[in-house]
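# Working through the structure, step by step
One letter stands for each residue in the lines below.
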There are 2 protein chains.
Amino acid sequence: MPRISDRGNSMPQSPIRKLAPYAEAAKARGTHVYHLNIGQPDIETPPAFFEAIRNMDMKVLEYSPSAGIESVRKKFIQYYASHNIDLNLDQILVTTGGSEALAFAFMSCLDTGDEVIVPEPFYANYNGFSVASGVTIVPLTTRLEDDFDLPEISEFEAVITDRTRAILICNPSNPTGKLYSKEALEKLSEVVKKYNLYLFVDEVYREFVYDGKKHFSALKLKGIEQNVVVIDSVSKRYSACGARIGTIVSYNTEVISTALKFAQARLSPPSVEQIGVEAMIDTPASYFEKVNAEYTSRRDTLDASLRAMPGVVVPEASGAFYMTVRLPVDNAEDFCRWILENFEYNGSTVMMAPAAGFYSTPGLGLDEVRIAYVLNEEALGMAMTCLAEALKAYPGYTLHTLKASQNR
Amino acid sequence: MPRISDRGNSMPQSPIRKLAPYAEAAKARGTHVYHLNIGQPDIETPPAFFEAIRNMDMKVLEYSPSAGIESVRKKFIQYYASHNIDLNLDQILVTTGGSEALAFAFMSCLDTGDEVIVPEPFYANYNGFSVASGVTIVPLTTRLEDDFDLPEISEFEAVITDRTRAILICNPSNPTGKLYSKEALEKLSEVVKKYNLYLFVDEVYREFVYDGKKHFSALKLKGIEQNVVVIDSVSKRYSACGARIGTIVSYNTEVISTALKFAQARLSPPSVEQIGVEAMIDTPASYFEKVNAEYTSRRDTLDASLRAMPGVVVPEASGAFYMTVRLPVDNAEDFCRWILENFEYNGSTVMMAPAAGFYSTPGLGLDEVRIAYVLNEEALGMAMTCLAEALKAYPGYTLHTLKASQNR
């Protein structure tokens, strides 16, 4: 039997989906599972998507252009214009999801052995793309105590080597919910400029910003226009994860024309989904206002419930629909498995993502979990009650240990 | 400005789409262009695809599982069973087109610097995937005079090194239309076994076989079950190129479970298109009979027309919907450009793919073109008349030169 490649062997399993068998077993036992483990929102996709598809009049389902259907690209350009970002057709490609946009960015800008600095915890699939492209991720730890704020410039400079080619951030962040401010980005742009790096910014959660804050796109940074590559997707924006339609955007037309060559090799993004997306981009601002109100109140529910649990540490999280929180447990992965395997409350249990999988440095995030607020408030409330009860019952609950040792 | 990666720079431009600007210019002048340059069939997609999509009742367009929707995978298993190929769920993944299936095969089985032997001429995008994955393609030339038959085993052995990990073929072949026989594949399996190689077989044209011949799938080869990885797609089978739904199939479950890790990194294939495909897989055999009859008569028209043109050399082509033929011109790329730029007949011209782009060895295929018979017979007939007239008028027509030199 021929052997599996080294890169195949070193390819990480998705930490988000790793606990899936335990959830399946729980369901098989009749236990309801609240899924707070994945970024699959329950928000309705704008009906315009489905309408456009229903009204398709097509006899032959043809390839679209490799760069995406031109009218779709023009619609995306309108969308960015509404955010005061001016683009031409040679600065944007339609990709098969944000995933492919990131793969194209890595492939076009980085070679095997090149290094990209990524503040951790970070979206775990970045590891997969780094293995696939032979690029080395250099993690820079951010801390829950600092609300996961960006590291100081000096910390970036300390890890820059002659192989460093890029910095990759997600704003607002999956998995922390952190929104990086305009000022933080401007500070970051100095190091980008000084070392002539690429700045890859995953902005797929751009529309989800709370507490009256404003998202500041990296495409608005002055002086590093040729360095910025933005990764984007309709998946979260319109709750259309299954569409697999994203964009790669850069003022650097050489990056885009190089990405186009990778796009040509895979021929085209899905045609039907592009047709749905084209109609959906016209979704009025009121949709986002409603969705943001919904996420805000979910976030508030979650925040309040979690803070009420003894020993749980909750950072500020003003964007996306995730929080990474500290639990009073010795090992969050054990706990996440235990709650699925050995616990239920009122016939239900909760699935969360252990945060260690979002850190690249071994040993970090062991007592943290990522919680996605992708369920309605009633379900969230019940999931939080279940979590609170589970923490009381968990044998590895560190506050018990603490008290026990204090009593000794 | 930061630099483009070496792999980005060495990524080839699609030779199929390279002449596109000249075609656009011709159309802008009001000249009709017969597109025989790309594998985009005009055959109608089975209506079941569009019906299923129209009848979708969905509020949230969710991610599908990374391996593909289970019912879709089961339908594919039924499809293979109807070809006497028995598969389990752990031997097949749904991919975003055959392109992604090939990318997953390369990533899972090959490391940077590994070599894959590919008979040339070959589907040009294989070059793209080799650059993206850092794998070296070792071409093995097949000849028009031999109807592009597979090289002898000794020729394979002559290029095997300690980095050789795989052989990649396309059966029936894009760009030649060659159907490799059961016997040829069995011979090939000996070298695969002897050197413990992977055998990647792109079978996306499996259903298109003419002249009473039968396709023999590599999944039926005995003794190398763990070595064979089949790349497949609905694109050509159901004329659904825009769906971007393919499969990677292997009895080697380690290859499939490794590919699944790459699949998890990109999350999922497009959901809506999978729903359409699931309904489409039930397309009755009569559909393929009708389509095959249509392709056969197109192939016959093309074959007869081309053979009637002085100096054109036409090999046997019993499969897919391509022929690679020799033209009596000094340089086929110049000719393909000239016919678009400087020629028209009855207001029309023809776009073909210069074959040099399908060879990896420089200097080969310079007087060959790939012709895709993806237009109806009337259009094909007119395109052939146009081509015949163009060859007579072309200043680089080598028979003129020959005659001229004979007259001297």
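Quick look at the structure, then. (Residues numbered from 1 in each chain as written. Chains lettered and ligands numbered in written order. Predicted model: local features only at pLDDT ≥ 70, side-chain atom pairs only at ≥ 80, totals over all residues. Heavy atoms only, no water.)

### Some remarks on the overall build of chain A
Helices and strands together make up the secondary structure of chain A, namely 15 helices and twelve strands. Taken against the 2.2 N^0.38 rule, which gives 22 Å for 408 residues, the C-alpha radius of gyration of chain A at 22 Å falls within 12% of a compact globule. Considered along the principal axes of its C-alpha atoms, chain A spans approximately 70 × 60 × 55 Å. Looking at chain A as a whole, 62% of its 408 residues qualify as buried. On chain A, roughly 14500 Å² of surface is accessible, and the fraction owed to carbon and sulfur atoms is 50%. (Helix = DSSP H or I, 4+ residues; strand = E, 2+ residues; numbered from the N terminus. Rg over C-alpha atoms; globule rule 2.2 N^0.38 Å. Buried < 20%, exposed > 50% of the residue type's maximum accessible area, 1.4 Å probe, protein only. Areas by Shrake-Rupley, 256 points an atom, 1.4 Å probe, with all protein chains shown as cover.)

### What to know about the pattern of salt bridges
All names here are of chain B. Taken as a whole, this structure holds 50 salt bridges over all chains when the rule is applied. A salt bridge links R143 to D146, with the shortest nitrogen-to-oxygen separation between them at 3.2 Å. Classification of D146 as partly exposed rests on a relative accessible area of 39%. R299 is the partner of D211 in a salt bridge, and the nearest nitrogen-oxygen pair spans 2.7 Å. Of this pair, D211 sits in the loop between β6 (198-202) and β7 (228-233) while R299 sits in helix α12 (residues 285-307), and the two are 88 residues apart along the sequence. (Salt bridge = Lys/Arg side-chain N within 4 Å of Asp/Glu carboxyl O.)

### Regarding the relation of the copies chain B and chain A
For the pair chain B and chain A, the relating rotation is 180 degrees, the translation along its axis is 0.0 Å, and the fit reaches an RMSD of 0.0 Å. Those values place the two copies in the arrangement expected of a two-fold rotation axis. Measuring from the rotation axis to each C-alpha of chain B, the shortest distance belongs to B:R54, at 2.2 Å. A share of 100% of interface residues in chain B that are also interface residues in chain A marks the association as one of identical surfaces. (Least-squares fit on C-alpha atoms with pLDDT ≥ 70 in both. Contact = heavy atoms within 4.5 Å.)

### Description of helix α4 (residues 70-81) of chain B
All names here are of chain B. Taking 1.5 Å per residue as the helical rise, α4 with its twelve residues ought to reach 16 Å, and the 16 Å between its terminal C-alpha atoms agrees with that figure. If you check which residues of α4 are buried, you get V72, R73, K75, F76, I77, Y79 and Y80. Looking at the buried residues of α4, the elements they touch are β2 (92-95), β7, α9 (234-237), β8 (246-249) and α11 (271-280). (Expected span 1.5 Å × (residues − 1).)

### Some thoughts on the sheet that holds strand β11 (residues 353-354) of chain B
Residues and elements named next belong to chain B. One open sheet accounts for three strands, arranged β9-β12-β11; its pairing is antiparallel. What marks the edges here is a single partner per strand, and that holds for β9 (322-326) and β11. Across two bridges, the pairing between β11 and strand β12 (residues 368-372) is antiparallel. The partner of P354 across the bridge, within β12, is V369. Along the sheet, α12 contacts β9 and β12; its crossing angle with β9, the most-contacted strand, is approximately 5 degrees. (Pairing = 2+ DSSP bridges. Axes fitted to C-alpha atoms, helices over the stretch in contact; angles between N-to-C directions.)

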